[in-house]
Amino acid sequence: MDLRIFTEPQQGATYDTLLTVAKATEDLGFDAFFRSDHYLKMGDVDGLPGPTDAWITLAGLARETRRIRLGTLMTAATFRLPGVLAIQVAQVDQMSGGRVELGLGAGWFEEEHTAYGIPFPKEKFGRLEEQLEIVTGLWATEPGKTFDFHGEHYALTDSPALPKPAQSKIPVLIGGHGASRTPRLAARFADEFNMPFGSVEDSMRQFGRVRAAAEAIGRDADAITYSNALVVCVGKDDQEVARRAAVIGREVDELKTNGLAGTPAEVVEKIGRYTETGSRRFYLQILDLHDLDHLELISAEVQSQLS
């Protein structure tokens, strides 16, 4: 079972802070460092010193780390043209020696588009589907051959489909709560399906939909990795849990209901319930990026019980 560290830098983080967390992620034995792809803060925080770009951050971390996987939950399809995105991700994969994974989503936060002059199209899902076809098609094109695509939203003609990633296939992550289109898209393109911030019951229901969609097109549903992204707040005792919850502006009871919160034993038990749904990977959303003791505790008292 993989435990991955998942950060939300739009809430306020410098590259140096992210580098420190990524190095701790590696040193403490976690599987991967992932980050969101947002340009505007959410909620009652100041967001200072301002946003960092996901793929520029990951390019830097690719050269500063050696083992951990690196990726996004989720890159917004509205932020980048698909041909450019394929180049960016392939380059970072080369820079990392083949450790990159691409989470790609439709984009949903209209305010950040307005704030930074990014078009926010009404029809986003069709664009996401075409982006997935283009990005994966470019990477899969044999060297020396060209790639063409003519869709409703994008057109590529005689693309050399370069550069190639270091990996033979960069894992693609798709996620979400959608009941029909999302599972069908995951069945076609996803190496991993991620259920973000959902309950055990919701996860079981959504994983079942993805499995059914895969089987409907003749794909082995077990070929897809199923995962969860959940906020985490762990403490040695109730007082430490409460202190960490207060720092991130959350209530303990709410965190225990909607995330992985409590003592290490409580969190291990909750993870066990998610594994019964078929989940085999957990993205631990860390909201206080300066509390490295939190990561050390999770590594020593949670991860050690799951390995």
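What counts, and at which threshold
Residues numbered from 1 in each chain as written. Predicted model: local features only at pLDDT ≥ 70, side-chain atom pairs only at ≥ 80, totals over all residues. Heavy atoms only, no water. Helix = DSSP H or I, 4+ residues; strand = E, 2+ residues; numbered from the N terminus. Contact = heavy atoms within 4.5 Å. Axes fitted to C-alpha atoms, helices over the stretch in contact; angles between N-to-C directions. Parallel < 35°, antiparallel > 145°, perpendicular 65-115°, else oblique. Left-handed = near helix turned anticlockwise from the far one by under 90°. Buried < 20%, exposed > 50% of the residue type's maximum accessible area, 1.4 Å probe, protein only. Pairing = 2+ DSSP bridges. Core = buried A, V, L, I, M, F, W, Y, C linked by side-chain atoms within 4.5 Å. Right-handed = clockwise from strand over helix to strand, strands pointing away. Nonpolar A, V, L, I, M, F, W, Y, C, P; charged D, E, K, R; others polar. Arc of directions from axis to C-beta. Polar contact = N/O pair within 3.5 Å; in protein donor to acceptor, adjacent residues only side chain to side chain.

Here's the deal with the environment of lysine 23
With respect to the helices, strands and loops of the structure, lysine 23 is situated in helix α1 (residues 15-27). Counting along the chain gives 122 residues from lysine 23 to lysine 145, while the straight-line C-alpha distance between them is 39 Å.

Quick word on the environment of methionine 195
With respect to the secondary-structure elements, methionine 195 resides in strand β9 (residues 192-196). Separated by 120 residues in sequence, methionine 195 and threonine 75 place their C-alpha atoms 15 Å apart. When neighbours within four sequence positions are excluded, methionine 195 is seen to be in contact with Gly176, His177, Asp202, Ser203, Gln206, Phe207, Ser227, Asn228 and Ala229.

A short note on the packing of α1 against helix α2 (residues 54-64)
As a packed pair, α1 and α2 sit with axes 10 Å apart at the nearest point and diverge in direction by 45 degrees. As summarised for this structure, α1 and α2 are arranged oblique, according to the angle between their axes. Crossing angle aside, the handedness with which α1 passes α2 is right-handed. Touching Tyr15, Leu18, Leu19, Ala22 and Lys23 of α1 are Thr57, Gly60, Leu61 and Glu64, all from α2.

Some words on the pairing of strand β6 (residues 147-150)
By the alternation rule, side chains of β6 split into Phe147 and Phe149, which are all buried, and Asp148 and His150, of which none is buried. Bridge analysis of β6 against strand β7 (residues 155-159) gives three bridges, and the strand direction is antiparallel. Residue phenylalanine 149 lies in a different strand from β7, and its bridge partner there is leucine 156. Connecting β6 to the antiparallel partner β7 that follows it, the hairpin turn spans four residues.

Concerning the nonpolar core
Counting residues in hydrophobic clusters, the biggest one holds 75 residues, and the most contacted among them are Trp55, Trp139 and Val302. Per element, the largest residue contribution to this core is seven residues, and it comes from helix α5 (residues 125-140). Among the nonpolar cores identified, the runner-up in size contains seven residues, and Phe6, Ala32, Phe34 and Leu173 belong to it.

Observations concerning the pairing of strand β8 (residues 172-175)
As a general feature of sheets, a regular strand has side chains that alternate between the two faces. Where strand β5 (residues 100-105) and β8 come together, two bridges link them in parallel fashion. The partner of leucine 102 across the bridge, within β8, is valine 172. Regarding the hand of the β-α-β motif, the stretch spanning β8, helix α6 (residues 181-189) and β9 is right-handed.

Some remarks on the packing of helix α10 (residues 264-275) against helix α11 (residues 292-306)
Look at α10 against α11: their axes get within 10 Å of each other, and the N-to-C directions meet at 40 degrees. Here α10 lies oblique to α11, going by the angle between them. Viewed along their axes, α10 and α11 form a crossing whose handedness is right-handed. Across from Pro264, Val267, Val268 and Ile271 in α10, the residues of α11 making contact are Leu297, Glu301, Val302, Gln305 and Leu306. Grouping the constituent residues of the contact of α10 with α11 by class yields seven nonpolar, one polar and one charged.

Considering helix α8 (residues 238-247)
Each α-helix turn comprises 3.6 residues. Residues three or four places apart therefore point the same way. Within the sequence span of α8, burial applies to Glu240, Val241, Arg244 and Ala245. Projected down its long axis, α8 carries its buried residues within an arc of 135 degrees, all on one side. Those residues of α8 that are exposed and aimed more than 90 degrees away from the buried face are Asp238, Gln239 and Ala246. Buried residues along α8 sit against β10 (225-234), α9 (252-258), β11 (260-262) and α11. Looking at where α8 begins, the residue whose side-chain oxygen comes 3.2 Å from the main-chain nitrogen of glutamine 239 is aspartate 237. The first or second residue beyond α8 is glycine 249, which carries a positive phi of 70 degrees.

Purely geometric numbers; function is a separate question.
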